[in-house]
Amino acid sequence: MLDDRTILYASPEPGTQTELINPNEIAAMAKKPAPRKPDHEDDHPMYVRMVLGSLAVLAVFALIVVGIMVANQRREQQVALYRTQCEQAMSGLENKRTAYTQLREGDGAQAGTISDIQVDDTATISALDEQLSATMPERITCDVASAAQYNDRMQLIDEHSEWFEAHTASLQSAVDGVTASKQSKDLADRRETFSATLREVQTTLDLTRGNVADNATWDDLSKLLASAQQAHDAGDMERMEALERELNAAVERVNASRDQKIADDERKAAEQQRRAAEEKAKQEQQRAEQDKQKQQGQQKKD
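As a starting point, this report considers the structure included with it. (Residues numbered from 1 in each chain as written. Predicted model: local features only at pLDDT ≥ 70, side-chain atom pairs only at ≥ 80, totals over all residues. Heavy atoms only, no water.)

### Quick look at helix α5 (residues 215–234)
As a reminder of what qualifies: Helix and strand assignments come from DSSP, with helices taken as H or I runs of at least 4 residues and strands as E runs of at least 2, each series counted from the N terminus. The span you would expect from a helix comes to 1.5 Å times its residue count less one. Buried, partly exposed and exposed residues are distinguished by accessible area as a fraction of the type maximum, computed with a 1.4 Å probe on protein chains only: under 20%, between the cut-offs, and over 50%, respectively. The directions considered for the arc are those from the helix axis to the C-beta atoms.
Between its terminal C-alpha atoms α5 stretches 30 Å, which fits the 28 Å expected from 20 residues at 1.5 Å a residue. Within α5 the residues assigned to the buried category are Thr217, Trp218, Leu221, Leu224, Leu225, Ala228, Ala231 and His232. Viewed along the axis of α5, the buried residues span an arc of 135 degrees, placing them on a single side of the element. Exposed and facing more than 90 degrees away from the buried side of α5 are Lys223, Gln230, Asp233 and Ala234. Backbone geometry just downstream of α5 places glycine 235 in the positive-phi region, at approximately 70 degrees.

### Describing the state of the cysteines
To be explicit about the condition: For the purposes of this analysis, a disulfide is any pair of cysteine sulfur atoms at a distance within 2.5 Å.
One pass over the structure, following the stated rule, counts one disulfide. Across a sulfur-sulfur distance of 2.1 Å, cysteine 86 and cysteine 142 are joined as a disulfide pair. An S-S torsion of about -90 degrees defines the bridge between cysteine 86 and cysteine 142 as left-handed. Separated by 56 residues along the polypeptide, cysteine 86 in helix α2 (residues 44–112) and cysteine 142 in the loop between α3 (123–132) and α4 (147–208) bring together distant segments of the chain. We classify cysteine 142 as buried; its relative accessible area is 5%.

### Side note on the packing of aromatic side chains
Aromatic ring pairs are reported here in terms of the distance separating the ring centres and the angle at which the planes meet. The criterion, for reference: Between rings of Phe, Tyr and Trp, where Trp is taken as its six-membered ring, a pair exists when centres lie within 6.5 Å; planes separated by under 30 degrees are stacked, by over 60 edge-to-face, and by other angles tilted.
Enumeration according to the criterion identifies three aromatic pairs in this entry. Here tyrosine 100 and tryptophan 163 contribute two aromatic rings whose centre-to-centre distance is 5.4 Å and whose plane-to-plane angle is 75 degrees, an arrangement assigned as edge-to-face. Taken together, the positions of tyrosine 100 in helix α2 and tryptophan 163 in helix α4 put the pair 63 residues apart, joining distant regions of the chain. The exposure class assigned to tryptophan 163 is buried, which follows from its relative accessible area of 18%.

### A look at α3
Taken together, the buried positions of α3 are Thr124, Ile125, Leu128 and Gln131. The buried residues of α3 occupy an angular sector of 125 degrees when the element is viewed end-on, so they sit on one face.

### Quick notes on the packing of α4 against α5
Let me state the cut-off plainly: Only the stretch in contact is used when a helix axis is fitted, and all axes are lines through C-alpha atoms; the angle between N-to-C directions ranges over 0 to 180 degrees. Angle categories are assigned with fixed cut-offs, so that under 35 degrees is roughly parallel, over 145 is roughly antiparallel, 65 to 115 is roughly perpendicular, and the rest are oblique. Each crossing gets its hand from how the near helix is turned against the far one by less than a right angle, where anticlockwise is left-handed and clockwise is right-handed. Only heavy atoms enter the contact rule, under which two residues are in contact if any of them lie within 4.5 Å.
Between α4 and α5, whose axes approach to 10 Å, the crossing angle comes to 155 degrees. Viewed along their axes, α4 and α5 adopt a mutual orientation that is roughly antiparallel. Every pair of crossing elements has a handedness; the one defined by α4 and α5 is left-handed. Where α4 approaches α5, its residues Arg191, Phe194, Ser195, Leu198, Val201, Gln202, Thr204, Leu205 and Thr208 are matched on the opposing element by Trp218, Leu221, Ser222, Leu225, Ala228, Gln229, His232 and Asp233.

Okay, here's the thing in structure tokens:
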């Protein structure tokens, strides 16, 4: 039996079933509460926000790390560039140090052995001693860690380079001064000694003029003396050294020729004396015979 509130709906299409709809059931279904969502569905937005926040923090941290890495890389590149520049400058500094050291231990040390009495100007010795007593800058390296330290090191390299340049020039000047002063003193002493030699040669010529066995030796010495005088006046030490040896040899030849002349003259004189003695003895013998004959003739008369 159907309820009075039951409504019968017939489908308009033939062959279909009839659907019964109860209004009370529809009203009850309308009053029934909607199904409740699970509790975890309410926390989903919070989780999303937490994840997004974490990702943001990680992104910022990653940016900071990348920034630090980039900064470190740039700093390392800059430090490497500074180190290259420093090593190049250091190479130039070492070349200057080597040049100064070689000068100091070579020509400088040799000039340092010259004493005051060997030079014309003793002030040059004092100047050289001052240069040789200078303290060289200590060696430095490019082993520094920061760009600021490299700038300081480059400035120090420049200062050391200027020191070596200035002291190399001043040391060379001092060495040249001592060398020139010694050469001047040597030349003065040599000319004085050579002058004495020339005077001796002139004396030899004066004493042997016309008193040599071979006049060519005397003429050769006279010509050599004239050349030696020219070398003396010009201050040509090498020429004087060579001519002095030639003069000594030429003087020996002239003296030998003189000795030969003396020996020849003595031999001739001895020969003349012998002949004179023989002639005198002969004459005396003849007079003796004549006297004897006179005596014999007188005896016969008596």
